[in-house]
Amino acid sequence: MSETIEHVRCLIIGSGPAGYTAAIYAARAALKPVMYQGLQPGGQLTTTTEVENYPGYPKGTQGPQMMEDFKAQAERFGTDIRWGIATKVDFKGPVHKVIIDDTKEIHADTVIIATGASAKWLGLDSEQRFNGFGVSACAVCDGFFFKGQDVAIVGAGDTAAEEATYLAKLCKKVYMIVRRSEMRASKAMQERVLKTPNIEMLWDSETKEIIGDKGVTGATIINLKTKEERTLNISGFFVAIGHTPNTQIFKGWIDMDETGYLKTTPGTSKTNIEGVFAVGDAQDKVYRQAVTAAGSGCMGALDAERYLAAKGIH
Ligand code: NDP
């Protein structure tokens, strides 16, 4: 069924901090890694601005720039970085088969899965209808379009808090829609939100509908306690309610939890399939930081190297 078959020693699927770090280590260990970048080259950090908590950048850096730096470092040691998406896998035998873009077949001695996670949506029809026309899951990507206007953001985690304060710098007013009477975000982030004068908190609130014509003009919000409805006049509606791991193609092959996060042997990147390793957000729903993803990427490459050595695969 496939156009071409290629044999590689180490295949890395995904190109966020986990994938690039795996590539740096694997390339330096002479595993000749081939990386397929996936749908969003550079991963989620390419949709953020300032990164202040990655060690080694005392003045902070920009997420997209940081990913360019990671990529350059992986390339410097010879990683073969390619466009393409893994669309199917077959992990039956000792050679792991991965299909790229439904056409190309790779036979890999080792596979490092670094496919990350993607944004969740509320599930409203109107949310999908206006996606790209006022509805967005990335304030940093799209906030600029709403400069000087009123917008709303749903969510109460660190992402929502960070994005609300980001939007508050650009927009006239930001409504923050929180489904409970408290936020999940860290105390420091909560304080930052609550101290921002142009953010209005809408506690115990749920979005009933996003209203608009060609683009968003408003949203109907219901207070879950009082059952009162309110219409917000907004032109931008941001969703920041968490993420889903990009692991669908591994279903039936790699053990995963009920939400799709890949299971690894604690303290390692090993999955239930010998020679297949999982790193970064695809297997981490707890920490999900660039630095922890990078650390686990390193583990993936070291585990792959040791697996090849133990099997005597050269
Ligand atoms: P989280 O899962 O932490 O938070 C999701 C938020 O969305 C929760 O407040 C949740 O509400 C709310 N939510 C979920 N579903 C719905 C829904 N259908 N309707 C309304 N609200 C909903 O995701 P984040 O993306 O914020 O963060 C992920 C991880 O990344 C966390 O560990 C976080 O600490 C980390 N992070 C760290 C940053 C940093 O350190 N700079 C920046 C960004 C993220 P409820 O609370 O009621 O469940």
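Residues numbered from 1 in each chain as written. Predicted model: local features only at pLDDT ≥ 70, side-chain atom pairs only at ≥ 80, totals over all residues. Heavy atoms only, no water.

Broken down by element type, the chain carries seven helices and 19 strands. Taken against the 2.2 N^0.38 rule, which gives 20 Å for 314 residues, the C-alpha radius of gyration of the chain at 21 Å falls within 12% of a compact globule. Considering only C-alpha atoms, the chain reaches an extent of 65 × 45 × 35 Å along its principal axes. Evaluated residue by residue, the chain yields a buried proportion of 50% over its 314 residues. (Helix = DSSP H or I, 4+ residues; strand = E, 2+ residues; numbered from the N terminus. Rg over C-alpha atoms; globule rule 2.2 N^0.38 Å. Buried < 20%, exposed > 50% of the residue type's maximum accessible area, 1.4 Å probe, protein only.)

Quick look at the pairing of strand β6 (residues 86-90) now. Sheet topology note: the β6/strand β7 (residues 96-100) ladder contains four bridges and is antiparallel. Bridge pairing in β7 places K88 opposite I99. Where β6 folds back onto β7 in an antiparallel hairpin, the turn is made up of five residues. (Pairing = 2+ DSSP bridges.)

In this section: the pattern of salt bridges. A pair can form between side chains of opposite charge whenever their charged atoms are brought close. One pass over the structure, following the stated rule, counts twelve salt bridges. Here R82 and D80 are joined by a salt bridge, their closest N and O atoms 2.9 Å apart. Assessed through its relative accessible area of 18%, R82 is described here as buried. Taking the relative accessible area as the measure of exposure, D80 reaches 31% and is therefore partly exposed. A salt bridge links E229 to K208, with the shortest nitrogen-to-oxygen separation between them at 2.5 Å. Of this pair, E229 sits in strand β16 (residues 229-233) while K208 is found in strand β14 (residues 205-212), placing the two residues 21 residues apart along the sequence. For E229, a relative accessible area of 44% translates into the label partly exposed. (Salt bridge = Lys/Arg side-chain N within 4 Å of Asp/Glu carboxyl O.)

The next subject is the site of the ligand. By nearness alone, 19 residues border the ligand, and D158, T159, R179, R180 and R184 come closest of all. Between an oxygen atom of the ligand and a main-chain N or O atom of G157, the distance comes to 3.4 Å. Within the side chain of R179, an N or O atom sits 3.0 Å from an oxygen atom of the ligand. Contact with the protein chains hides 76% of the accessible area of the ligand, taken as 910 Å² for the molecule alone. The element best represented in the shell around the ligand is helix α5 (residues 158-170), accounting for three residues. Classifying every residue of the shell around the ligand gives six nonpolar, seven polar and six charged. Three or more residues apiece are contributed to the shell around the ligand by two domains, here domain 1 (5-118 + 243-311) and domain 2 (121-239). (Near = heavy atom within 4 Å. Polar contact = N/O pair within 3.5 Å; in protein donor to acceptor, adjacent residues only side chain to side chain. Areas by Shrake-Rupley, 256 points an atom, 1.4 Å probe, with all protein chains shown as cover. Nonpolar A, V, L, I, M, F, W, Y, C, P; charged D, E, K, R; others polar. Domains from an automatic or database assignment.)

Take the side chain of D257 next. Structurally, the position occupied by D257 is in the loop between β18 (243-245) and β19 (276-278). Residue classification places D257 among the buried positions, given a relative accessible area of 17%. Among the polar contacts made by the side chain of D257, one reaches the main-chain amide nitrogen of T259 at a distance of 2.8 Å. Setting aside residues no more than four positions away along its own chain, D257 makes contact with K263 and K285. (Contact = heavy atoms within 4.5 Å.)

To continue, consider the side chain of T165. Tracing the backbone through its elements, the reader meets T165 in helix α5. Judged by relative accessible area, T165 falls into the buried class, the value being 11%. Setting aside chain neighbours within four positions, we find T165 in contact with R192, V193, T196 and I199.

Over its twelve residues, helix α1 (residues 17-28) extends 17 Å from the first C-alpha to the last, a length consistent with the 16 Å expected when each residue adds 1.5 Å. In terms of burial, α1 is a largely internal element, ten of the twelve residues being buried. All buried positions along α1 are accounted for by P17, A18, G19, Y20, T21, A22, A23, I24, A26 and A27. Taken together, the buried residues of α1 touch β1 (4-13), β2 (34-36), α2 (63-76), β5 (80-82), β8 (104-113) and α7 (290-311). Of the residues flanking the end of α1, it is A30, one or two places downstream, whose phi is positive at about 65°. (Expected span 1.5 Å × (residues − 1).)

The analysis is restricted to geometry; functional conclusions fall outside its scope.
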